[in-house]
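Here is what each chain is made of, one letter per residue.
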Amino acid sequence: MKPLHWLRQPTTLQGLSLIIAGLAGARTGALSSGLATTLIGASIPLLLPDNSTARAIASAAIPTAVDALEKSAMAGKEPHKPG
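Residues numbered from 1 in each chain as written. Predicted model: local features only at pLDDT ≥ 70, side-chain atom pairs only at ≥ 80, totals over all residues. Heavy atoms only, no water.

Visitor: How do you make sense of the overall build of the protein when you look at a structure like this?
Guide: Counting its secondary structure elements, the protein contains 4 helices and 0 strands. Taken across its 83 residues, the protein has 17% of its residues classed as buried. Residue pairs at least 24 apart in sequence account for 55% of intrachain contacts in the protein once pairs closer than 6 positions are excluded. Surface summary for the protein: the accessible area is close to 5,800 Å², and the carbon and sulfur share equals 67%. (Helix = DSSP H or I, 4+ residues; strand = E, 2+ residues; numbered from the N terminus. Buried < 20%, exposed > 50% of the residue type's maximum accessible area, 1.4 Å probe, protein only. Contact = heavy atoms within 4.5 Å. Areas by Shrake-Rupley, 256 points an atom, 1.4 Å probe, with all protein chains shown as cover.)

Put into C-alpha cells, the structure is as follows:
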C-alpha cells in the first residue's frame, strides 16, 4: 500500500501535474524547451523528496526528454515560409 499512500500525497499530485503540464507544453510547442525543462525539473523534489540519487538521475534525463518531445512535435509540421 506504500505506492498508493505516496500517490495520495498533495506534493506528489502537484509534482505529477507539473510534469504533465511541462510535457504537454513541450509536445504542443506551447512552451519553449528551456521553460518546459525548468517546469519539469522543479517538480522532481515534489516527487522524490528523500532520494538524492533518483533526483540526480531524473534531473539528467529531463533535458533529453524535453528535446525529444519538441523535435517530435516539429516533425509533423510544415516549415513556415516568410512572406
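Here the narrative resumes, following the displayed structure.
Visitor: Even after reading the chapter, I still don't get helix α3 (residues 33–47), so can you show me in this structure?
Guide: The α-helix winds at 3.6 residues per turn, so residues separated by three or four positions along the chain end up facing the same way. Taking 1.5 Å as the rise per residue, α3 with 15 residues should run 21 Å; its terminal C-alpha atoms sit 21 Å apart, in good agreement. Three or more residues of α3 are buried, namely Ala36, Ile40, Ser43, Ile44 and Leu47. All buried residues of α3 lie within an arc of 125° about the axis, which places them on one face of the element. (Expected span 1.5 Å × (residues − 1). Arc of directions from axis to C-beta.)

Visitor: In this structure, what is going on with the confidence of the model for the protein? I would like to understand it.
Guide: Should the pLDDT be low somewhere, the predicted coordinates at that spot are not to be read in detail. Confidence along the protein averages 82 in pLDDT terms, with 86% of residues attaining 70 or more. Averaged pLDDT values for the elements of the protein fall to 80 in helix α4 (residues 52–75) and rise to 90 in helix α2 (residues 10–28). (pLDDT = per-residue confidence, 0-100.)

Visitor: Help me out: how do you make sense of a nonpolar patch on the surface in this one?
Guide: Taken together, the side chains of Trp6, Leu7 and Leu13 define a hydrophobic patch exposed on the protein surface, amounting to about 270 Å² of accessible area. For Trp6, a relative accessible area of 37% corresponds to the partly exposed category. (Patch = residues over 30% accessible without salt bridge, like charges linked within 9 Å, V, L, I, M, F, W, Y side chains within 5 Å. Salt bridge = Lys/Arg side-chain N within 4 Å of Asp/Glu carboxyl O.)

Visitor: Looking at this structure, how should I read the nonpolar core?
Guide: Looking at soluble globular proteins, one finds that nonpolar side chains tend to be buried together. Within the largest apolar cluster, 8 residues are counted, these being Ile19, Ala26, Ala36, Ile40, Ile44, Leu47, Ile62 and Val66. For this core, the secondary-structure elements that each account for two or more residues are α2, α3 and α4. The biggest single contributor to this core is α3, with 4 residues. (Core = buried A, V, L, I, M, F, W, Y, C linked by side-chain atoms within 4.5 Å.)

Visitor: What is the right way to read α2 from this model?
Guide: With 19 residues, α2 extends 27 Å from end C-alpha to end C-alpha; this agrees with the ideal 27 Å at 1.5 Å per step. Turning to α2, its buried residues are Thr12, Gly15, Ile19, Gly22, Gly25 and Ala26. The arc that holds the buried residues of α2, viewed along the axis, is 165°, so those residues lie on one side. Opposite its buried face, α2 presents the exposed residues Pro10, Ile20 and Thr28, each directed more than 90 degrees away. Of the residues one or two after α2, Gly29 is the one with positive phi, at around 85°.

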